[in-house]
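Residues per chain, in single letters:
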Amino acid sequence: MAFNDVNTFDYAFDENGTGGFNSDKDLEVLVNHVSKPIAPTITESFQDVPGRYGGVFLGNSYGEKQIDIPITMYPTDREDYNRILNNLSNALINTHDDADTQYPLRFNDQPEVVYYGHFTAIPTPTFINEGVQDCTTTLTFMLADPRGFLPQRDINITSNDQIISPAGNTTVQPVIHIIPKTDLYYFGYTLGDQYVAVGYHVDDGSTVTDANGHITSLTPHQELQVHDPCNSMSTWFQAGQGTQEIKVYRGENDGKATATASSLMVAKDSKGHYNWGTTGKHKDFYGPVIIHQGIPKISNYWKVSMRFHHVKRMKNMRAMGKVEGYLLDANGNVCGRMGIDDYAHGRYPRGYIQLGSSFNATNDRGKYLTLLYNEGGRKVNGQNHHDVKVHLTKKVTVKTISKAKKKATKKKSGGKSKSTKVSKPTVRTKSKTIKTYVMETTYMNKDAYSDFFGEFSLERQKKTIGGKVYDNWVAEINEWDPVRGVAYSPNNTNRVHIHTEKLDKSGKFGFALANVAATFMKHDIKEDLVKPPVGYYSDFETLTDLKIYTSDGSDDPDDIPHVIAHAGEEIIIDSADNTVTVDGRNVDKYVSWLSTFPSIEGDVSQEMHFTPDPANADITLEYKPAVK
């Protein structure tokens, strides 16, 4: 929202530079001459030495930078004075954000430089003259990080002999993006004698030598067999009704599926409505079922991850849907499922990962194994038992009866007349449309799964105990950022991050994975069943990504060197947060404890070396130049 007047400042604007407050347009203050400081607070470290002429200088410590902003206000009257002060308080005093929040500020005589800080003093204004409301004060803005930042820039790294010279004149923390063309056991970069190293100490990623000189060939713990971006039906087919059918729990195959540029979902009919199938025909969930074309080889030990989108769009939460993935054996039998399921009357939806073929809590106890089954976080109770009107229109027959009429006769000769005749009443019927309603219940509950985009994964491992081999199941649900297309950090406690492991000694649920399937379904509610039906927004449900790995079954992959970044997966090394992710997965546990996450120096030529070599990867260095 940058304002044209160079004698103004903008505050608390968005990352893209819009929004926030302008000192003139929004705060209605005149910014007087701002003397920007040259340096932050400097504290000298000095050691007195007895018997010595002078002492020992141990260097300077650089602290906060203070910017004093003198402002003048010209209210027209006392009411205007109070209004302007109230606006200033609302804009500059932020009590709802985290205590350590730093806000952006820029002066429009140098709008490309952004400072991040906080106001520490907003003194009471001093009136300039008696009898008028003109007043002045000085705002104090403190920068915990004394640097000013310029707009983000990117450097494409094409060679390990490449010399970079970043903009700015001080150090900044880069973010490195690496997309390798081959699978990696190890990656990182060096800058001088500092580095980031992620992975294992291996020679060319193919062998490892132990302390006794024994050379071991490295084989990956997991090998990616299928990575389907789910943007085409070419790798899927829709199950027919009665042929190539799979047994769906609480659901019937109907309707039609389709692919978009980014997902698989329910298709639309000629009227633009979702084609779930025939309304009123089914007593439970119904919708299209799709089956993958198959995987390269059947695996006894494996990992499957499926990324789902599930959004309840009906405001009173009554709409019911489910998006679900199925794990199949060589005979096409369902041996496990994962997904999100809505409950009736607007209750909380659930996310789940289960093993078995039927999952009825009443009749199938002992026949299935539940690894995860939970309501999401961010719960909103709504209005609990709340009645809503489902509006109806009815055609009724209405009868109308006209009154009987008397008819007088003429007089005859002799002065006498005949008696009068009374005509019969007329009965008419006509149809009439009336509006009425029925009352239905909703709890209007919402939780994280009411609007969820994230990844469900299940892995079968083998664990040896006392000479016997058992199945160890690892199940996870992780929420993703739908805008950035990456998983939310595990440190973000306001998002779904669930990890559980369960040892199964019964041996009833283990199977070799041969294929997967998925479904998008809805459940009829009262609005569907009345005549005529009442329109409403059904759930939005998609499958956006599928990965299938074959595994050696190791339950402790960190003891066995294995691939930690597959070809095509994006590696992000964030030197500001000292974190490393691979395709959204946090891999900090693989980071060498000696890694320093070095900064780059503005206006200084320097050489960085990358692994993998830039010839075998797409590498981008992203940074925000800074000025002292």
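Predicted, not measured: the structure shown is a model, and the values here were computed from it.

Engineer: I'd like a rundown of the pairing of strand S5 (residues 55-62), residues and numbers included.
Structural biologist: Bridging between strand S4 (residues 42-48) and S5 involves seven bridges; their strand directions are antiparallel. Bridging from a neighbouring strand, Glu44 pairs with Asn60 of S5.

Engineer: Now, about the pairing of strand S26 (residues 289-292): what can you tell me, with residues and values included?
Structural biologist: Both faces of S26 are covered, namely the face carrying Val289 and Ile291 and the face carrying Ile290 and His292. Summarising the sheet, strand S21 (residues 236-238) and S26 pair through three bridges and their orientation is antiparallel. Residue pairing across strands places Gln238 opposite Ile290, the latter belonging to S26. Where S26 meets strand S40 (residues 515-523), three bridges bridge the pair, whose relative direction is antiparallel. Bridging across to S40, Ile291 finds its partner in Ala517.

Engineer: Let's hear about the environment of Asp471: which residues, and what values?
Structural biologist: By the secondary structure assignment, Asp471 is in strand S37 (residues 468-481). Taking C-alpha positions, Asp471 is 8.4 Å from Lys502, a pair spaced 31 residues apart along the chain. In this structure, Asp471 is in contact with Tyr301, Arg460, Gln461, Lys502, Leu503, Asp504 and Gly510, ignoring residues within four places of it in sequence. Here the side chain of Asp471 touches Arg460 through a polar contact of 2.8 Å, side chain to side chain.

Engineer: I'd love a proper account of the packing of aromatic side chains, names of residues and values included.
Structural biologist: Under the counting rule described, the total for this entry stands at 18 aromatic pairs. Relative to Phe107, the ring of Phe9 has its centre 6.4 Å away and its plane inclined at 70 degrees; by these criteria the two rings are edge-to-face. Here Phe9, found in strand S1 (residues 9-11), pairs with Phe107, found in strand S7 (residues 103-107); they are 98 residues apart in sequence, far enough to count as distant. Just as Phe9 is buried, Phe107 falls in that class too. Their ring planes at 65 degrees and their centres at 5.1 Å tell us that Tyr11 and Phe119 sit as a pair that is edge-to-face. Linking Tyr11 in strand S1 with Phe119 in strand S8 (residues 114-121), this pair joins segments that are 108 residues apart in sequence. An identical accessibility class is assigned to Tyr11 and Phe119; each is buried.

Engineer: How would you summarise the pattern of salt bridges if you had to cite specific residues and measurements?
Structural biologist: Within the structure shown, the criterion is met by 22 salt bridges. Measuring nitrogen to oxygen at the nearest pair gives 2.7 Å for the salt bridge that ties Asp145 to Arg147. We classify Arg147 as buried; its relative accessible area is 13%. Two residues, Lys379 and Glu375, come together in a salt bridge whose shortest N-O distance is 2.3 Å. Take Glu375: its relative accessible area is 25%, and that puts it in the partly exposed class.

Engineer: Can you lay out the side chain of Asn472 for me, pointing to particular residues and giving the numbers?
Structural biologist: Summarising the element assignment, Asn472 is placed in strand S37. Polar contacts involving the side chain of Asn472 include one to the side chain of Glu501, which spans 3.2 Å. When residues no more than four places from it in sequence are discounted, the contact partners of Asn472 are Glu459, Arg460, Gln461, Lys463, Glu501, Lys502 and Leu503.

Engineer: An account of unusual backbone geometry is requested, with residue identities and associated values reported.
Structural biologist: In this chain, Lys531 is followed by Pro532 through a cis amide linkage whose omega measures -10 degrees. Tracing the sequence through the fold places Pro532 in the loop between helix H2 (526-529) and strand S41 (540-551). Following Thr611, the chain continues into Pro612 via a peptide bond in cis, with omega recorded as 10 degrees. Positive phi, normally seen in glycine, also occurs at Ala12, with a value near 60 degrees. Relative to the helices and strands, Ala12 is located in the loop between S1 and strand S2 (21-22). For Ala12, a relative accessible area of 22% puts it in the partly exposed group. In this model, Asp583 sits at a positive phi of 55 degrees, which is unusual for a non-glycine residue. Structurally, the position occupied by Asp583 is in the loop between strand S43 (579-582) and strand S44 (585-586). Residue class for Asp583 comes out buried when judged on its relative accessible area of 19%.

Engineer: So, the sheet that holds strand S15 (residues 175-180): which residues are in play, and what are the values?
Structural biologist: Strand order in the open sheet formed by six strands is S12-S47-S15-S42-S43-S44, with antiparallel pairing between adjacent strands. Every other strand in the sheet has two partners, leaving strand S12 (153-157) and S44 as the edge strands with one partner each. Strand direction decides the pairing type here: S12 and strand S47 (residues 617-623), joined by five bridges, are antiparallel. Bridge pairing links Ile155 to Leu621 in S47.

Engineer: Tell me about the nonpolar core, and please be specific about residues and values.
Structural biologist: Counting 44 residues, the largest nonpolar core has Val304, Leu327, Ile353, Leu458, Leu543 and Leu546 as the members making the most contacts within it. If we skip the residues at most four places from it in the chain, Leu543 touches Cys230, Trp236, Ser263, Leu264, Met306, Arg307, Phe308, Ala518 and Phe520. Ranked by size, the runner-up nonpolar core spans 32 residues in total, among them Ile157, Ile573, Phe610 and Ala626.

Engineer: Account for helix H1 (residues 78-92), naming residues and giving values.
Structural biologist: Between its first and last C-alpha atoms H1 spans 21 Å; for 15 residues at 1.5 Å apiece the expected length is 21 Å, and the two agree. Among the residues of H1, Asp80, Tyr81, Ile84, Leu88, Ala91 and Leu92 are the ones counted as buried. An end-on view of H1 places all buried positions within 105 degrees of arc, on one side of the element. In H1, the exposed positions that point more than 90 degrees away from the buried face belong to Glu79 and Asn90. Packing partners of the buried residues in H1 comprise S1, S2, strand S6 (65-73), S8, strand S9 (126-127) and strand S10 (135-143). Two or three places before Glu79, at the start of H1, stands the capping residue Asp77, its side-chain oxygen 3.3 Å from that residue's backbone nitrogen.

Parameters and conventions
- Residues numbered from 1 in each chain as written.
- Predicted model: local features only at pLDDT ≥ 70, side-chain atom pairs only at ≥ 80, totals over all residues.
- Heavy atoms only, no water.
- Pairing = 2+ DSSP bridges.
- Helix = DSSP H or I, 4+ residues; strand = E, 2+ residues; numbered from the N terminus.
- Buried < 20%, exposed > 50% of the residue type's maximum accessible area, 1.4 Å probe, protein only.
- Contact = heavy atoms within 4.5 Å.
- Polar contact = N/O pair within 3.5 Å; in protein donor to acceptor, adjacent residues only side chain to side chain.
- Phe/Tyr/Trp six-rings, centres within 6.5 Å; stacked < 30°, edge-to-face > 60°.
- Salt bridge = Lys/Arg side-chain N within 4 Å of Asp/Glu carboxyl O.
- Core = buried A, V, L, I, M, F, W, Y, C linked by side-chain atoms within 4.5 Å.
- Expected span 1.5 Å × (residues − 1).
- Arc of directions from axis to C-beta.

It is worth stressing that arrangement in space is one thing and function is another; only the former is reported here.
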